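So the chains spell out like this:
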Amino acid sequence: MSTLLPRLGAWGRRQVSADALSALLHVAVLFVLVALFRPLFFQAVDATHYHASSIFVSMAKADLALIASSAPKNVPVVPQLLTFLVPMALFFVAGRKLRWTDWEHGKALRVFTLGVVLMLCWSGATSPYNLYLGLEHGLDRLLLVACGLLSIRFPIFVPLAVRMAIVMIKEAYVPTPLDDFDFRAPAELVIIFSIFVWASLSRSFKPAHFLVVGIGSFAAFYYLAGIAKVNIGPTGSWLNENHVSNVGMSGYVHGWLSIVPESAFLQFDALARRFDYWMAFYTLFIEVGAIVGLYLFRQLTRWWFLGLFLLNFGIFAMSGICFWKWMATSVLAFVWIGRSGKPLIDRMLEYKLPLLLGLAAIYWSGSRIWYYPTAVAWYDTRLTENYEIYAIGESGNRYLVRGSYFQPTDMHWSQGSLCYATDGRAMTGIYATGSYSTMRALETITPEEMEKRHLRARSCRNKKLQARYDDFMRRFFGNLNRGGQRLTFLNWVGRPRHIWSWPKGQLNDGQNEVFDAQEKVAKVELWMNLVFHHDGKLHRTEPKLTHTVEIPTQ
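Summary of the structure given here.

### Some remarks on the pattern of salt bridges
So, step 1. Within the structure shown, the criterion is met by 18 salt bridges.
So, step 2. A salt bridge links Arg347 to Glu104, with the nearest nitrogen and oxygen atoms 3.4 Å apart. Here the residue Arg347 occupies a position in helix H17 (residues 342-348), and Glu104 occupies one in the loop between helix H5 (85-94) and helix H6 (106-125), the gap between them amounting to 243 residues.
So, step 3. On the basis of relative accessibility, which here comes to 33%, the residue Glu104 falls in the partly exposed class.
So, step 4. Salt-bridge contacts for Arg184 lead to Asp180; the nearest nitrogen and oxygen are separated by 2.6 Å. Each of the two residues, Arg184 as well as Asp180, counts as buried.

Shown next, in the form of structure tokens:
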């Protein structure tokens with residue numbers, strides 16, 4: 001006791017020392033800068049740039065035209081690409097030759113941050129050839145690779161590399177907008193590092209300041225998702241009533257683990273269903289607990305990253321939904337903290353006032369001012385509204401077109417939420433529903449009752465979205481008919497898919513030939529049936545043709 005009180009006193013004085021208050025101030029300033037500049041990186045890119053032979057050249061020309069037209073009118077503007085050259089110019093004018101070694105343990109910092117940056121660059125530069133656009137965008141790929149490589153030596157190139165990687169990754173979002181949730185958390189981590197690079201024009205900013213804000217960002221994505229699950233529906237309903245194992249059956253219907261016989265998968269599902277509560281409990285524990293688990297002490301921070309990886313890997317193993325960028329970031333952090341990152345994490349955890357500010361930022365991250373997480377929560381249901389695309393060749397042969405064929409837009413087509421292209425009805429969304437009453441009804445009703453309720457479900461009729469679907473199919477298969485696939489080697493060196501599925505198709509009892517450009521396509525058919533998991537069996541309605549698109553063959 002005689003030594004404990006003096007030690008506590010010394011620790012307390014250290015926590016309010018000048019260094020501690022300086023760290024608090026720098027973290028607070030970094031949060032302000034993140035709120036100001038984070039949107040620059042995710043700024044939407046007009047689709048016209050993706051239709052140009054070079055995305056970045058088109059963006060640069062548009063930026064110059066915007067400046068030329070706005071300056072005489074005294075109207076402020078934010079160029080989409082050239083803005084990122086301004087901080088580089090400021091560093092040059094100030095004579096600040098930023099190197100990784102300028103930061104404390106800078107080489108160790110480079111391992112972690114560049115690991116994520118180069119992962120995004122690889123994902124963008126090796127994106128498969130886009131048959132809808134019919135453009136290779138080879139110059140853009142080379143510029144992205146060059147910027148990523150320059151970042152290895154010169155950290156001032158990191159912000160530009162991150163922005164360019166995001167632009168290239170989002171090529172897959174044309175013409176169908178997608179949620180960037182599959183890569184937003186890792187991207188936001190290195191966006192915050194990019195802003196930290198700009199802030200390092202002042203030599204007083206340290207890697208520990210970035211880590212408080214950056215790791216807090218990664219934690220916020222999990223924390224807000226966990227809180228959303230706690231708050232969805234009646235109190236405790238997600239934990240006690242939701243059957244997480246249903247996502248596995250939905251994944252199976254969409255083609256995940258399709259080589260496994262249906263009877264065997266149903267047995268696995270029955271076993272997994274017994275652990276629904278514990279899988280849900282683990283999910284909430286890891287997600288909600290991230291607010292403190294990543295901030296208490298080094299070993300806990302390290303192992304919590306492994307827990308986050310296991311959560312995402314569990315989702316992948318059950319359903320084929322692969323958050324590989326999230327998993328890669330978590331594994332990298334786990335290994336890094338156990339090796340060269342030790343001193344940097346210790347420095348991050350040294351002062352508690354900046355950590356308390358980080359905790360507050362995570363807690364109120366739902367405001368989306370400094371961080372931009374998504375409150376992800378739904379109920380996994382027994383019903384899968386299964387849509388399948390078939391190509392009809394000039395010979396009249398019908399081929400099953402798997403969602404993975406539509407690279408790089410395969411995530412949308414593999415998820416199979418295509419009701420918008422039809423005049424049909426929908427009870428659920430992608431794999432699940434946000435409605436507690438719908439989930440409860442699907443847990444208790446019979447297949448016959450389900451079919452009757454589905455006839456009264458919400459209408460999907462949307463002429464605008466249906467026209468977009470038709471345009472995509474005509475351009476995609478029209479370009480394929482005229483010139484075929486290009487850059488096919490990227491299929492071997494490119495990024496993994498977000499949705500892993502190998503559907504066999506519901507027509508012909510699953511005996512369908514898979515499309516691989518065997519012949520020119522004359523038309524595309526969209527078929528739909530309901531697959532309902534009830535009483536240990538999969539009950540299927542008869543597949544119905546819901547929409548047809550004629551394809552130009554010349």
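### Quick notes on the environment of Phe157
So, step 1. By the element assignment, Phe157 lies in the loop between helix H7 (138-153) and helix H8 (158-169).
So, step 2. A sequence separation of 59 residues divides Phe157 from Gly216, and the C-alpha atoms of the two residues are 24 Å apart.
So, step 3. With sequence-adjacent residues up to four places away left out, Phe157 is seen in contact with Met88, Cys147, Leu150 and Ser151.

### Considering the packing of H8 against helix H9 (residues 184-199)
A pair of packed helices is characterised by two quantities: the angle between their axes and the separation of those axes.
So, step 1. At their nearest, the axes of H8 and H9 sit 8 Å apart, and the two run at 150 degrees to each other. As far as their axial angle goes, H9 and H8 are roughly antiparallel. In the packing of H8 onto H9, the handedness of the crossing is left-handed. Residues Val158, Pro159, Val162 and Ile166 of H8 touch H9, and the partners they reach there are Ala187, Val190, Ile191, Phe193, Ser194, Val197 and Trp198.

### Quick notes on the packing of H6 against helix H16 (residues 324-338)
So, step 1. Between H6 and H16, whose axes approach to 10 Å, the crossing angle comes to 165 degrees. When the interaxial angle is binned, H6 and H16 end up roughly antiparallel. For the pair H6 and H16, the crossing hand works out as right-handed. Only Trp324, Lys325, Ala328, Thr329, Leu332, Ala333 and Trp336 of H16 make contact with H6, whose side of the interface consists of Ala108, Leu109, Val111, Phe112, Gly115, Val116, Met119, Leu120, Trp122 and Ser123.
So, step 2. For the contact of H6 with H16, the residue count by class is 13 nonpolar, three polar and one charged.

Rules of the game
- The numbers attached to residues start from 1 for each chain and follow its sequence in the written order.
- Two thresholds apply to this predicted model, a pLDDT of at least 70 for residue-level local features and 80 or more for giving and counting side-chain atom pairs, whereas whole-chain, interface and lining totals are computed over all residues.
- Excluding hydrogens and water, the side-chain values take into account all heavy atoms of the structure.
- What makes a salt bridge here is a side-chain nitrogen of Lys or Arg within 4 Å of a carboxyl oxygen of Asp or Glu, nothing more.
- By definition, any uninterrupted DSSP run of H or I lasting at least four residues is a helix, any uninterrupted run of E lasting at least two residues is a strand, and each is numbered from the N terminus.
- Relative accessibility thresholds used throughout: buried, under 20% of the residue-type maximum; exposed, over 50%; partly exposed, between the two (1.4 Å probe, protein chains only).
- Throughout, a residue-residue contact means that at least one pair of heavy atoms, one from each residue, lies within 4.5 Å.
- Angles here are taken between N-to-C directions and fall from 0 to 180 degrees, while the axes themselves are lines fitted to C-alpha atoms, restricted in helices to the stretch in contact.
- By the definition adopted for this analysis, an angle is roughly parallel if under 35 degrees, roughly antiparallel if over 145, roughly perpendicular if from 65 to 115, and oblique otherwise.
- We call a crossing left-handed when the near helix sits turned anticlockwise from the far one by less than a right angle, and right-handed when that turn is clockwise.
- When residue character is reported, Ala, Val, Leu, Ile, Met, Phe, Trp, Tyr, Cys and Pro are called nonpolar, Asp, Glu, Lys and Arg charged, and the others, Gly included, polar.

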